[in-house]
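Below, each chain spelled out in residue letters.
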Amino acid sequence: MSERLYAESGVSWAAIGWGPVFALVGALAELVTGGPVHVVGWLMVGFGLCVLTVPWVYARRRFLSLEVTTEQLRQGREKVPAGQIAEVADVGTPVGTRVLGGGWSVPRKYDSLPVKLADGTVVLAWAKDVEALQEALDRLVRATPREA
């Protein structure tokens, strides 16, 4: 069984509640101002925003989540076995370094961390808290026997 060393979810499922909360605030504003309260309209707005948010949350949780376990590093859809990670401290970033997770570049609002693999190539891992990711990967590298 693998132990989780670090994880980021991409976004919380609680984001789906933003739409209904917005609709409730709108209905309460109508009630407070003394005008007619359009209950059916606000229910449709809340439901519509909720329906639009579900695919957004699903995509962010699938493509922007990351996890470091004692067996692997998972960035989005890409997995790197622990035995292939050679070094995370003092690794330079060559021009054209491949980004883990399948994207063209590091996602917006995320910081990058160069990771040297056992075959000598350097890839870019990314996280919102890159220091915590580096610490978890350091622990993983020290605890994992190297592949030959």
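None of the values given here were measured: they were computed from a predicted structure.

Turning our eyes to something else, we now look at a nonpolar patch on the surface. On the surface, Leu24, Leu28, Leu31, Val37, Val39 and Leu43 cluster together into a nonpolar patch covering about 570 Å² of accessible area. Breaking the nonpolar patch down by element, the ones donating at least two residues are helix H1 (18–33) and helix H2 (39–63). Ranked by residue count, the leading element in the nonpolar patch is H1, at 3 residues. Tracing the chain through its elements places leucine 31 in helix H1.

Below, the discussion takes up the sheet that holds strand S8 (residues 122–127). With respect to topology, 4 strands assemble into an open sheet ordered S5-S7-S8-S6, the strand pairing being mixed. Both outer strands of the open sheet, strand S5 (85–87) and strand S6 (98–99), are each paired with one neighbouring strand and no more. By the bridge criterion, 6 bridges tie strand S7 (residues 111–117) to S8 in an arrangement that is antiparallel. Pairing of lysine 116 across the sheet is with valine 122, part of S8. The sheet strands contacting helix H3 (residues 130–143) are S5, S7 and S8, and the helix crosses S7 at an angle near 15 degrees.

Reading the values: rules and limits
The residue numbering used here restarts from 1 in each chain and proceeds along that chain's sequence as written. Under the rules for a predicted model, residues below a pLDDT of 70 receive no local features and side-chain atom pairs below 80 are neither given nor counted, while totals for whole chains, interfaces and linings still include all residues. With hydrogens and water excluded, all non-hydrogen atoms of the structure serve as input to the side-chain values. Here a patch means residues that are over 30% exposed by relative accessible area and free of salt bridges, tied together within 9 Å if like-charged and within 5 Å if nonpolar (Val, Leu, Ile, Met, Phe, Trp, Tyr). All accessibility values rest on the Shrake-Rupley procedure with a 1.4 Å probe; residue burial counts only the protein chains present in the view. One speaks of a salt bridge when a side-chain nitrogen belonging to Lys or Arg is within 4 Å of a carboxyl oxygen belonging to Asp or Glu. The numbering of helices and of strands both runs from the N terminus, where a helix is a DSSP run of H or I of at least 4 residues and a strand a run of E of at least 2. A pair of strands is labelled paired if DSSP reports no fewer than 2 bridges between them. The criterion used for residue contact is that any of the two residues' heavy atoms lie within 4.5 Å. To get an axis, fit a line to the C-alpha atoms, keeping to the stretch in contact for a helix; angles then go from 0 to 180 degrees between the N-to-C directions.

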